[in-house]
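# Notes for the structure review
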Amino acid sequence: MIGFIARRLAAGVVLLAGISALAFFLLYLGSGNIARKILGEGATPQAIAQENRRLGLDQSLPAQFGHWAAGALRGNFGVSWFSGQPVMQAITSRLAVTLSLVICAVLLAAVLSVVLGVLAATRRGSVDRVTQLLSLLGHAIPGFLIAVFLVLVFALNLHWFKPTGYVPFTTSLAGWASSVTLPVIALCLGSVAGVTQQIRGGIIDALRDDYVRTLRSRGLSERRIVLKHVLRNTAGPALAILAVQFVGLLGGVVIIEQVFAIPGIGQVAVQAATQGDIPLVMGLVVAVAVIVIIFNLLVDLAQGWLNPKVRLS
Amino acid sequence: MTTPTPPLQLAGEPESAARQAALPAAASGFQFRRLARNPLALASMLFLAIVAIAAVAAPLLAPHDPNAASVTGVLTGPSAAHLLGTDGSGRDILSRLLYGARYSMAGAMLALVTALVIGVTSGLLAGYFRRSVDTVFSSAASLLMALPAIIVLLAAQAVVGPSLWISMLIFGVLLSPAFFRLAYALVTAVRDELYVDAARVSGLSDARIIGRHILPVVRAPLIIQAAIVGGVALAIQSGLEFLGLGDTSIPTWGGMLNDAFASIYRAPLLIVWPTCAIGFTLLALTLLANSLRDELQRSSAPPAPRKRPAKSAPPPPAPAAVVITHEPQLPDTDIILDVQNLTVGYPAPGGGLKHVVEDVSLTVARGEVHGLVGESGSGKTQTAWSILRLLPPGGQVAAGTVHFEGTNLSALGPRQMSTVRGKRIAYIPQEPMSNLDPAFSIGSQLVEPMRVCLGLSRAQARRRALELLAKVGIPHPQRTFDAYPHQVSGGMAQRVLIAGAISCQPDLLIADEPTTALDVTVQAEICDLLRDLQAEMHMGVILVTHDFGVVADLCDRVSVMRHGRIVETGPTRALFTDPQHPYTRELLAAVMHDSAPRGPLVTASAGPVPAADNATAGPAPDAAPACPTLLEIRDVMVEYPGRGFRDKPFRAIHDIALDVHEGECVGLVGESGSGKTTLGRAVLGLAPVTAGQVLFHGADIARLGHRERRKLGDQIQVVFQDPYTSLNPSLTVEKILAEPLMVKNISRREASRRIARLFDLVQLPKDAGGRLPREFSGGQRQRIAIARALALEPRLIVCDEPVSALDLSTQAKVLELFREIQQQTGVAYLFVSHDLEVVRHISHRVAVMYRGEIVEFGDGDAVTGSPRHPYTQRLFLASPVADPDAQAQRREQRRQLKLEAAA
């Protein structure tokens, strides 16, 4: 098991290095005239050259990357070109908020999918049809449209929730719950659709498998077979789908934060993109990559626990 | 914004991949016309058509310039001039909507096409050529999937600025893994099919194989995926524009959404238009994709079960059968199971019920073993399942009763039936590996039912489980208890299942072909085990089987089933010595035990080949000059490299020395893992020869390049085991037979003539050409495969277990066909089989393989009749024989052999 974890960690590190290098070269290669953008149109050539030296842009790209990487390993991701704020600070101050949204969405998606998937697969009939309909809507309608709809109906019309704003966890639990409810729902519905389909399909297929018939022949009740045996076998593929959905969630949260005016990474990302603030963008890319890698590692561990073949081969 | 999950679950689980292997067959039988009958699909297609028209004809339809702003007419409601009103900058909403359709859809299309081209090409290449190509592309795909698309697009925007087209191009690259994985999965599912191997042996080039067998399979799923990915592209593009990124000078739906959201307090209804536009388009795409997927799955013929023998011709309308019963009958007091007039059916496609079991009555006494024997489709397994009430979905008992120890089982509710199962009636399934839950250890699967049925504590159940494992002959009970199903062999798994079945001490045991999936030597041991357990626990047993040898070994009484009815029943000995029903006689005649072996090859001019001394190992003796050597295998070794860094290479076969003369049939017999299939594939060029020589007509063909090897297609051919997967299910018989001829550039008329002649040769009906393989029975499909092998008039055919998947009666006929063809055309065979009797019947000389080596090689009757090598002796004694006395004799001899070996 240790070897399994170690191998996954090593693969994660390699992936991170690869993403960082690729992103760095693409970003710095593509962006010209940064100094002019920062100083404005009327800058003199000497001022531009001086700015370039200050930013380190006069060195060769591999040297710049080496410099950046050395700093990154120490936690120093440079300084924003436009605000002067250290990148690390700009991101970490808002990361917690975004992560809380995403983690809640993932957990909610997992729980809902299991419940709906099991009900749809075992009860069939009208429960199944309703679940299929919800899945269809969740698949078809993107999160931000759902968010807009939720704001219109629940916040502006029914006044059950405030349409914008975020109350930190530490300030008030109830306030926090109220401010994240709509965003989390909008975020997770798409994932619920996908994972529910997987679980439902997986259970329906598994119920036709040979080993299920053998378990029935031993006198085990249908309930025990579904909840203990079939679910364990179905969970593996469902987790894999959830892992893919997670990546999508990290992207979707950017837009959801915009709709609900939540002070997370989303705002930083949009601003950095509009201005062309490359150090900030690099920091973001690395931060997101690290989050994805950690999540996938956790999912791999869970897969190892669920599926003996993964663990033991 | 979720990344698209492909319609086929690509979660990487091998089980789901196997299920998808059935889909390639469906993909080419897809019907677009039938789709139009689905109302949702039709509505979706209409809506998308409207959007497309709006997009294309926007300049003609739009009443105003979409960018014409006005300071005065801001946020006005619907009016005559502006049908939908104006937005926050005074621009006409309807015009923006129409032009927005154009740009939004164009952007999505760009992303889609980019993703499709990159993804499908790389997926096809990686899936077909594998190895380094595969690693590179798969790693790239993983890299692309590691980051959220929106973050990457944001980053890209930081560099290239707001441009719709560049963003969508980059997005296309990010989306390509969706197509890559789909294409890869489809290609790998098909690539390992036997009909692709057959095409390779016939000499088709890679490009032709891809075009002919692989592309048709990929088409329909790709269209489904395109609909989904198109939707995702539109969604994400709109999302970015909603954020305020993207080109604000172009009217897009996402941009409109952004405008409307900014004015949401002043004019909340403004947001409805772009929301509806985006929402309904996405909904239409999703509905269309779903309908396509449903149609794809519906158009697939249900895949015929792979390992079972094929169904025979459709049964004649059954008259009321008179069951021939041999005396003596049993006294009533001893009977524990009483089945009366049982009829089981499944819903027929046209309505009504199709009966698979018709009016079956049988009884089982305490301590008696009652055999239920028949060919596939006879209804014996369905009968067994209906006693346990474990029929597959759709199956129902239409009539009849089942009484067990006085209780009427048919009247019990599902929960009550659960208490009967396991505790009083137990079940041993056929396939050991697929009947154990892969996620739980073997020990826990034994312990759990015991705790539920007998109420034991965990410690008690554990102890009992270990005792049972020892009792069924497992050498290290604790180790097996802790192991998982994938870590044990088939034989061990079957012992575990037997242990589980007897764990709650049932009164009746239903064994469903418990030895069919096992090797012959293991089969014999399991039969001995069953016999001992049955005697000790005095259980009643219903033994379902198609093998008369097993019947002779184990059963006290036997019932013969055919087309769902019992045709004859009685004590075993009586049935074997004096079968009365013509069908029983036919079956017993097809069993080959007493048939004469073929004897050495006789040539017209030089008389019989000097009988080879039965060498236990080593090369065959020299052949007479009139019988030239066709194939000579010298010291061949096939070794596969280890999978990881430090894994040792796996040596499949080594030190192989064999030869085949012109017109001769050399049998190659062995159990699973013996390497016999690998040797056959090495001769065909489908397995890499690591050392040694394979001389064909004197020239070494072992290490020929790709192109040279292809030229041998008209010299060496193949007939595979599985008639279901060795023919491409979507090609007609004519096309299948024409395939090898394609390589030789033969004119169409000549090809038709040859194909007609082939039909005669293999006794297929003349109209077979235009039909699909699934319309034929297993035996007929195998004839088609034989015809394909003969198309190029080869000198040698490698037959890889060609009759193993066929019913008993069909087996005999197909073997007869093989003999006739050899006599007529003088082709030589390398005949691989696990069945000693079959090999004996058809081969001149026989080689026995064990663990990758040839242990014995010589004349057929010598090797099979009086074997010298201990393994061959064991193999011979383990083969079940359809004669109770002979079987008892063999049992005794086996026991002797075991004692000698232990001493």
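Given the structure is predicted, the values throughout are model-derived calculations rather than measurements. (Residues numbered from 1 in each chain as written. Chains lettered and ligands numbered in written order. Predicted model: local features only at pLDDT ≥ 70, side-chain atom pairs only at ≥ 80, totals over all residues. Heavy atoms only, no water.)

## Brief notes about the sheet that holds strand β14 (residues 629-640) of chain B
All names here are of chain B.
- Pairing in this open sheet of 4 strands is antiparallel, and the strands run β15-β14-β17-β18 from one edge to the other. Each having just a single partner strand, β15 (650-661) and β18 (699-700) make up the two edges of the open sheet.
- The pairing of β14 with strand β17 (residues 691-696) spans 5 bridges and is antiparallel. Bridging across to β17, Arg634 finds its partner in Gln693.
- Running over the sheet, helix α24 (residues 676-684) touches β14 and β15 and is turned about 115° from β14. (Pairing = 2+ DSSP bridges. Helix = DSSP H or I, 4+ residues; strand = E, 2+ residues; numbered from the N terminus. Contact = heavy atoms within 4.5 Å. Axes fitted to C-alpha atoms, helices over the stretch in contact; angles between N-to-C directions.)

## Quick notes on the interface of chain B and chain A
- Contact with chain B, which involves 69 residues of that partner, is made by 74 residues of chain A.
- Together, the buried faces of chain B and chain A total about 6600 Å²; carbon and sulfur atoms form 70% of this surface.
- At the surface where chain B touches chain A, the tally comes to 2 salt bridges.
- Glu448 of chain B is paired through a salt bridge with Lys228 of chain A; the nearest N and O atoms lie 3.5 Å apart. (Buried area = accessible area lost by both parts, 1.4 Å probe. Salt bridge = Lys/Arg side-chain N within 4 Å of Asp/Glu carboxyl O.)

## Thoughts on the environment of Leu469 of chain B
Residues and elements named next belong to chain B.
- Inspection of the secondary structure puts Leu469 in helix α17 (residues 458-471).
- C-alpha separation for the pair Leu469 and Val344, spaced 125 residues apart in sequence, amounts to 36 Å.
- Once you skip the residues sitting within four places of it in the chain, Leu469 turns out to touch Leu446, Ile474, Pro477, Phe481 and Val496.

## A few points about the nonpolar core
- Core analysis: the largest hydrophobic core is formed by 168 residues, its most contacted members being Phe171 and Trp253 of chain B.
- Counting residues per element, this core draws most heavily on helix α10 (residues 222-260) of chain A, which supplies 19 residues.
- In this structure Trp253 of chain B touches Val51, Leu97, Gly100, Ala101, Ser104, Leu234, Pro274, Ala277, Ile278 and Thr281 of chain B, once residues within four positions along its chain are discounted.
- Counting 56 residues, the second-largest nonpolar core is a separate cluster that includes Val373, Ile428, Leu436 and Ile442 of chain B. (Core = buried A, V, L, I, M, F, W, Y, C linked by side-chain atoms within 4.5 Å. Buried < 20%, exposed > 50% of the residue type's maximum accessible area, 1.4 Å probe, protein only.)

## Some thoughts on the pairing of strand β10 (residues 557-562) of chain B
Residue and element names in this part refer to chain B.
- Counting buried residues along β10, 5 of its 6 residues qualify, which places the element largely inside the surrounding structure.
- Pairing of strand β4 (residues 369-373) with β10 involves 4 bridges; the strand directions are parallel. Bridging from a neighbouring strand, Gly371 pairs with Val558 of β10.

## Description of the pairing of strand β22 (residues 845-850) of chain B
Residues and elements named next belong to chain B.
- The buried count for β22 comes to 5 of 6 residues, which makes it a mostly enclosed element.
- Both strand β16 (residues 665-669) and β22 contribute to a ladder of 4 bridges, which runs parallel. Along β22, the bridge assignment pairs Val669 with Val848.
- Bridge count for β22 against strand β23 (residues 853-859) is 6 bridges, and the pairing is antiparallel. Bridge pairing in β23 places Tyr850 opposite Glu853.
- Between β22 and β23, which pair antiparallel in sequence order, lie 2 residues; one of them, Arg851, sits at a positive phi of approximately 50°.

## Focus on the pattern of salt bridges
Residues and elements named next belong to chain B.
- Within this structure, the stated rule accounts for 40 salt bridges over all chains.
- A salt bridge links Arg495 to Glu525, with the shortest nitrogen-to-oxygen separation between them at 2.8 Å. Of the two residues, Arg495 sits in helix α19 (residues 490-502) while Glu525 sits in helix α20 (residues 520-537), which places them 30 residues apart along the sequence.
- Residue Arg495 is classed as buried on the basis of its relative accessible area of 13%.
- The closest approach of N and O atoms between Arg771 and Asp767, which form a salt bridge, is 3.3 Å.

## Remarks on the packing of aromatic side chains
- Per the counting criterion, the structure on display carries 19 aromatic pairs over all chains.
- Centroid distance Phe154 of chain A to Trp160 of chain A: 5.5 Å. Interplanar angle 45°. Geometry classified as tilted.
- Pairing Tyr850 of chain B with Tyr871 of chain B gives two aromatic rings, centres 4.0 Å apart and planes at 20°, and the pair type is stacked. On the criterion of sequence distance, the pair formed by Tyr850 of chain B in strand β22 and Tyr871 of chain B in helix α32 (residues 870-878) is long-range, its members being 21 residues apart. (Phe/Tyr/Trp six-rings, centres within 6.5 Å; stacked < 30°, edge-to-face > 60°.)

## What about the side chain of Ser95 of chain B?
All names here are of chain B.
- Here Ser95 is to be found in helix α6 (residues 93-129).
- Among the polar contacts listed, one links the side chain of Ser95 to the side chain of Asp92, at a separation of 2.6 Å.
- Once residues within four sequence positions are removed from consideration, Ser95 is found in contact with Ala62, Pro63, His64 and Pro66. (Polar contact = N/O pair within 3.5 Å; in protein donor to acceptor, adjacent residues only side chain to side chain.)

## Details of the sheet that holds strand β21 (residues 828-833) of chain B
Residues and elements named next belong to chain B.
- Taken in spatial order, the 6 strands make up an open sheet running β19-β20-β21-β16-β22-β23, and their pairing is mixed. The open sheet has two edge strands, β19 (716-719) and β23, and neither has a second partner. Each adjacent strand pair in this sheet contributes to an overall mean axis angle of 20°, direction not counted.
- Relative to β22, α32 is tilted by about 100°, and along the sheet it contacts β16, β22 and β23.

## Concerning the confidence of the model for chain B
Residues and elements named next belong to chain B.
- The predicted model of chain B averages 84 in pLDDT, with 88% of residues at 70 or higher.
- Here residues 301-319 is a poorly scored stretch, pLDDT under 50, and it has 35 contacts once near neighbours within four places are set aside; other chains count.
- When the criterion is pLDDT under 50, residues 604-625 qualifies, and its contacts beyond four places in sequence or with other chains add up to 29 contacts.
- Both confidence scores are given for the complex: pTM 0.83, ipTM 0.88. (pLDDT = per-residue confidence, 0-100.)

## What about the confidence of the model for chain A?
- In the predicted model, chain A carries a mean pLDDT of 86, and the fraction of residues at 70 or more is 97%.
- Taken element by element, chain A is modelled with least confidence in helix α2 (residues 34-39) of chain A, mean pLDDT 70, and with most confidence in helix α9 (residues 210-217) of chain A, mean pLDDT 93.

## Some words on helix α29 (residues 808-825) of chain B
All names here are of chain B.
- For α29, spanning 18 residues, the distance from its first C-alpha to its last is 26 Å, which sits close to the expected 26 Å at 1.5 Å a residue.
- For α29, the complete set of buried residues consists of Leu808, Ser809, Gln811, Val814, Leu815, Leu817, Phe818, Ile821 and Gln822.
- Where α29 ends, the next residue or the one after it, Gly826, has phi of about 70°, a positive value. (Expected span 1.5 Å × (residues − 1).)

## Some details on a nonpolar patch on the surface
All names here are of chain B.
- A cluster of nonpolar side chains, contributed by Met109, Val113, Leu116, Val117, Ile118 and Val173, occupies part of the molecular surface with about 450 Å² of accessible area.
- With 5 residues, α6 is the largest single contributor of residues to the nonpolar patch.
- By secondary structure assignment, the location of Val117 is in helix α6. (Patch = residues over 30% accessible without salt bridge, like charges linked within 9 Å, V, L, I, M, F, W, Y side chains within 5 Å. Areas by Shrake-Rupley, 256 points an atom, 1.4 Å probe, with all protein chains shown as cover.)

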